Amino acid sequence: MLTPKSSNRLVLVVLAAFSVLLLASCMNMEEQPKLDEPYVFDPNFGTAWRELDPNAIPRGWERDDTLMFLGTVDGEFVNDFPMDVDRELIAEGQVQYESFCTPCHGFAGYGDGILNEEGFPPPASYHTDELRAQPAGYYFDVISNGRGNMLGYGARIEPADRWAIVAYIRALQYSQYQVLDELPPDLQAESGLLNQ
Amino acid sequence: MQIFRPGVNTVAKISILAGALVTVLVLNFLFVQDRSPYSRARAGIAVAQPVRFSHQLHSDQLNISCNYCHASANEYAYAGIPDTHTCMSCHSQIAVYSELLEPVRTSYETGDPLVWNKVHDLAEHVYFNHGVHVQNGVGCETCHGRVDQMALVWQAETMTMAWCLECHFAPEDFIRPADEIFTFGYEPPIDQAVLGEQLLEEYEINPEGLGDCWVCHR
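Reading guide: rules and limits
Residues numbered from 1 in each chain as written. Chains lettered and ligands numbered in written order. Predicted model: local features only at pLDDT ≥ 70, side-chain atom pairs only at ≥ 80, totals over all residues. Heavy atoms only, no water. Phe/Tyr/Trp six-rings, centres within 6.5 Å; stacked < 30°, edge-to-face > 60°. Helix = DSSP H or I, 4+ residues; strand = E, 2+ residues; numbered from the N terminus. Buried < 20%, exposed > 50% of the residue type's maximum accessible area, 1.4 Å probe, protein only. Lys NZ or Arg CZ within 6 Å of the ring centre and 35° of its normal. Contact = heavy atoms within 4.5 Å. Buried area = accessible area lost by both parts, 1.4 Å probe. Salt bridge = Lys/Arg side-chain N within 4 Å of Asp/Glu carboxyl O. Expected span 1.5 Å × (residues − 1). Patch = residues over 30% accessible without salt bridge, like charges linked within 9 Å, V, L, I, M, F, W, Y side chains within 5 Å. Areas by Shrake-Rupley, 256 points an atom, 1.4 Å probe, with all protein chains shown as cover. Domains from an automatic or database assignment. pLDDT = per-residue confidence, 0-100. Polar contact = N/O pair within 3.5 Å; in protein donor to acceptor, adjacent residues only side chain to side chain.

**Section: the packing of aromatic side chains**
Then, number 1: Applying the stated criterion to the full structure yields ten aromatic pairs over all chains.
Then, number 2: Ring plane angle 15° and centroid distance 4.5 Å describe the contact between F140 of chain A and W163 of chain A, whose orientation is recorded as stacked. With a gap of 23 residues between them, F140 of chain A in helix α7 (residues 136-145) and W163 of chain A in helix α8 (residues 159-176) connect regions that are remote in the sequence. Taken as a pair, F140 of chain A and W163 of chain A share a single burial class, namely buried.
Then, number 3: A network of ring pairs unites the aromatic residues F77, Y97, Y126, Y138, Y139 and Y168 of chain A as a single cluster.
Then, number 4: Positioned above the aromatic ring of Y68 of chain B, the side-chain terminus of R156 of chain A is 4.8 Å from the ring centre.

Written out as structure tokens, the structure is:
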């Protein structure tokens, strides 16, 4: 049985225990002292990161392969891809194209994107003899570094994804310019153009 | 002299219990209030920014992909904020004399980055990887709300640990197909209970370990 005195003490202990919970709002572990600025010197820890050697090449940043990173071989744009062009690459190209290119170039590449209405000068259509004749490397270079009113997208799109876009642009060009006689016979029949 | 009647003993005992109960209720209220969407997320309360950039205009009206500006959000741990080069990709030609864009042009010319105010500030002891979430079926909308309807952005969800764990304990209730990540106003094409299980297999997500401490804390 609890005596009156001990029950008082019990109440005090319970209240004290609960009051500790009040402190929880004071201990803000969400804000902690950390070396958030990697190159800023801290007297206790030095810098969080060491300065890079000026000649160091970060992993994945070597640029010896000129075809992959510049679209050139021996300083000339080449009509070649550094990887196999398959359905998967073209599908990835479509995703990237529709993220980065359609605002100006439009979904089919005629240069009729939504931003033309906002005042951006329409870019050239891909479906001209001049642009169809350009090598793949040329497109890669334009995506990377820009041309005319178009700023470069090299900082935002990975090289492999830029090549995927080039593959998709080629697919768009074929889709809008195909000699009927060059199609396989079953597709010729399907196109519905033969009987016209 | 007898001041208190014997019945006061009961009153005293009840008042002690009632006092403890009120204390617990008050503390409970404070805790719940502290973690509510109102005080945590400040839902509906936009964060002021140096440039009045409207997601509603760019995303909803112009239908520009999230990816166009947030290019690193898909793959990298840090979602990143677009540089002014990205803004100038269009604004070198559009609204070139707009006063609102003066800080953007200045930043582009001088190379000094715009300092945007952080909207989603996670706790310091959480090692959050943005890309992993995007690549495993968490849509933009799931955490950021209807950003496409926001002029200035606010934090739509509480971003408390309990909120994270809702999905970490049951990802199948929230994930969506890879081609619906950027969709706003998404509705599951089939029953989420069925779709969720399919997607778990597709993304090769093992929900067993997702609730472990080390997944987010080190």
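**Observations regarding the interface of chain B and chain A**
By a widely used convention, the size of an interface equals the accessible area lost when the partners come together.
Then, number 1: Counting residues at the interface gives 30 residues for chain B, matched by 29 residues for chain A.
Then, number 2: Overall, the association of chain B and chain A removes approximately 2700 Å² of surface from exposure, summing both partners, and the carbon and sulfur fraction of that is 60%.
Then, number 3: When the buried area of chain B at its contact with chain A is split by residue, Y68, Q93 and E124 of chain B rank highest and sum to 24% of it.
Then, number 4: Our enumeration of links across chain B and chain A arrives at zero salt bridges.

**Topic: the pattern of salt bridges**
Then, number 1: Applying the stated criterion across every chain, the model contains four salt bridges over all chains.
Then, number 2: Among the salt bridges present, the one from D129 of chain A reaches R132 of chain A, with a minimum N-O distance of 3.0 Å. Placement of the pair is D129 of chain A and R132 of chain A together in helix α6 (residues 129-132), with a separation of three residues, close to one helical turn.
Then, number 3: For D148 of chain B, the salt bridge identified is with R146 of chain B, shortest N-O distance 3.0 Å.

**Structural notes on helix α5 (residues 84-91) of chain B**
Then, number 1: Most of α5 of chain B sits out of view: six of its eight residues are buried.
Then, number 2: Listed in full, the buried residues belonging to α5 of chain B are T84, T86, M88, S89, C90 and H91 of chain B.
Then, number 3: Residues of α5 of chain B that are buried in the fold lie against α5 (115-118) and β4 (150-151) of chain A together with α3 (55-61), α4 (66-69) and α6 (102-110) of chain B.

**Focus: the side chain of S99 of chain A**
Then, number 1: Looking at where S99 of chain A falls in the secondary structure, it is placed in helix α3 (residues 87-100).
Then, number 2: Setting aside residues up to four positions removed in sequence, S99 of chain A forms contacts with S65, N67 and Y68 of chain B.

**Re α8 of chain A**
Then, number 1: With 18 residues, α8 of chain A should cover 26 Å at 1.5 Å per step; its first-to-last C-alpha distance of 26 Å lies within 8% of that length.
Then, number 2: In terms of residue burial, α8 of chain A counts as a mostly covered element, since 13 of its 18 residues are buried.

**Concerning a nonpolar patch on the surface**
Then, number 1: On the surface, a cluster of nonpolar side chains totalling about 450 Å² of accessible area is made up of V22, V26, F29, L30 and F31 of chain B.
Then, number 2: Locating F31 of chain B in the fold gives a position in helix α1 (residues 8-34).

**A word on the domain arrangement of chain B**
Then, number 1: If you check the domain split of chain B, you get domain 1 (8-37), domain 2 (39-80 + 117-216) and domain 3 (82-115).
Then, number 2: Distance from the C-alpha centre of domain 1 of chain B to the C-alpha centre of domain 2 of chain B: 38 Å.

**A look at the confidence of the model for chain A**
Then, number 1: For chain A, per-residue confidence averages 85 on the pLDDT scale, and 88% of positions sit at 70 or higher.
Then, number 2: Between the elements of chain A, mean pLDDT differs from a low of 73, seen in helix α1 (residues 4-23) of chain A, to a high of 96, seen in α7 of chain A.

**Thoughts on the environment of E88 of chain A**
Then, number 1: Position of E88 of chain A relative to the elements: it lies in helix α3.
Then, number 2: For E88 of chain A and D181 of chain A, which are 93 residues apart along the polypeptide, the C-alpha to C-alpha distance reads 27 Å.

**As for the environment of R105 of chain B**
Residues and elements named next belong to chain B.
Then, number 1: As for its position among the elements, R105 is in helix α6.
Then, number 2: For R105, a relative accessible area of 15% corresponds to the buried category.
Then, number 3: Each C-alpha atom, one on R105 and one on H85, is 9.4 Å from the other, the two residues being 20 residues apart in sequence.
Then, number 4: Residues in contact with R105, not counting those within four places in the same chain, are M88, A95, V96, Y97 and S98.
Then, number 5: A polar contact is formed between the side chain of R105 and the backbone oxygen of S98, at a distance of 2.8 Å.

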